[in-house]
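Chain and residue survey
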Amino acid sequence: MKNLIYQYYDGPILSGTEASVKCMKEYAERIGAEHLYEQNPNWIRSQGRNLGQYTPHYGQFKIVYDKFFEDYDSVLFLDSDIFPVEDLQENIFDLSVKHLGICTEPLQPDIRKEISGPINHVNDEKWAAMIKSVYGKDMPRREDGLLKVYNSGVVLYTKEGRKHCREHFVEFEKFCNSVRQAGLHSFYTSDQGYIHAMLEVAELDWIELDSGWNSYVHYKPETSGDNRPVVDSRTDTTKFVHVQLRAADHY
């Protein structure tokens, strides 16, 4: 089996990015996978396309469409602010995945119910209603009825899954326009909103990866100051840590 970990960053190189790439390259070597990092590939813009504020984020889908990746059995996309725990030996490519594996953000549905900013429970429901109206698909929910939130920073694709995505993904521009026409905040046009929607719209055979593969750390929304409270989802089973602290890239 030939497996690859892919990371990229569009913009000036940051020390946090360098640290993530270094750590993930070492992890790839430990598990017998290849690692590729690209600085400023500008994949979408190089095609003369503009999706708005989140255009650079759609670069993760290069692994779906670029023929370079066809030689690999599985490709793991990782954001460049993710780190493996020290000396991690568990091989993510050993997981049984048909098309795609992705992690939820298990704390987000509750957090978004408590806040009033543009990324909140009300707008999540408005976004889900748009998906139902335009594409006829219901988005996944927890047992308590709250919409699940999926994170686009750790996505594991098989070769079969990437082929299915190429054949069934909605055009990026078409999706973004549907979000805008619904009057939603630009966040919902992001790569995260897109891949979240495509799980159902493209009828992917996907699994939820254990949250330990994407244990995120970020400031509590709608707080400020030097002592902002931090949401820390790390547990004893954490394998990858997603550092989403603003300015943490500047180590």
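The paragraphs below set out a description of the structure included in this document. (Residues numbered from 1 in each chain as written. Predicted model: local features only at pLDDT ≥ 70, side-chain atom pairs only at ≥ 80, totals over all residues. Heavy atoms only, no water.)

Describing the pairing of strand β1 (residues 3-9)
- Counting buried positions along β1 gives 6 out of 7 residues, so the element sits mostly inside the fold.
- For the crossover from β1 across helix α1 (residues 15-31) to strand β2 (residues 34-39), the handedness is right-handed. (Buried < 20%, exposed > 50% of the residue type's maximum accessible area, 1.4 Å probe, protein only. Helix = DSSP H or I, 4+ residues; strand = E, 2+ residues; numbered from the N terminus. Right-handed = clockwise from strand over helix to strand, strands pointing away.)

Focus: the sheet that holds β2
- Pairing is mixed across the open sheet formed by 6 strands, whose spatial order is β2-β1-β3-β6-β5-β7. Strand pairing shows two members of the sheet lacking a second neighbour, β2 and β7 (206-208), which therefore form its edges. Pairwise comparison of adjacent strand axes, ignoring direction, gives a mean angle of 20 degrees for this sheet.
- The pairing of strand β5 (residues 100-104) with β7 spans 3 bridges and is parallel. When the bridges of β7 are listed, Gly 101 appears paired with Ile 207.
- Contacting β3 (74-78) and β6 (150-158), helix α5 (residues 159-168) runs over the sheet at an angle of about 115 degrees to β6. (Pairing = 2+ DSSP bridges. Axes fitted to C-alpha atoms, helices over the stretch in contact; angles between N-to-C directions. Contact = heavy atoms within 4.5 Å.)

Things to note about the side chain of Thr 189
- Relative to the elements of secondary structure, Thr 189 occurs in the loop between α6 (172-181) and α7 (191-201).
- In contact with Thr 189, other than residues within four places in its own chain, are Tyr 54, Tyr 58, Phe 175, Cys 176, Val 179 and Arg 180.

A closer look at the nonpolar core
- Judged by nonpolar contacts, the single largest core of 46 residues is most densely connected at Trp 127, Phe 169 and Phe 175.
- Elements with a minimum of two residues in this core: β1, α2 (62-65), β3, β5, α4 (121-135), β6, α6 and α7.
- Of all the elements, α7 adds the most residues to this core, at 6 residues.
- The residues contacting Trp 127, other than those within four sequence positions of it, are Met 139, Phe 175, Leu 184, Tyr 188, Gly 193, His 196 and Ala 197.
- Core analysis: the second largest hydrophobic core is formed by 19 residues, Ile 5, Met 24, Ala 33 and Ile 92 among them. (Core = buried A, V, L, I, M, F, W, Y, C linked by side-chain atoms within 4.5 Å.)

Looking at the pattern of salt bridges
- Tallied over the entire structure, the rule returns 14 salt bridges.
- We note a salt bridge from Lys 163 to Glu 167, for which the minimum N-O separation is 2.6 Å. Of the two residues, Lys 163 and Glu 167 both sit in helix α5, 4 residues apart, roughly one turn of that helix.
- The exposure class of Lys 163 is partly exposed, given its relative accessible area of 43%.
- By relative accessible area, Glu 167 is classed as partly exposed at 48%.
- The network of salt bridges with shared partners includes Asp 110, Arg 142 and Asp 144. (Salt bridge = Lys/Arg side-chain N within 4 Å of Asp/Glu carboxyl O.)

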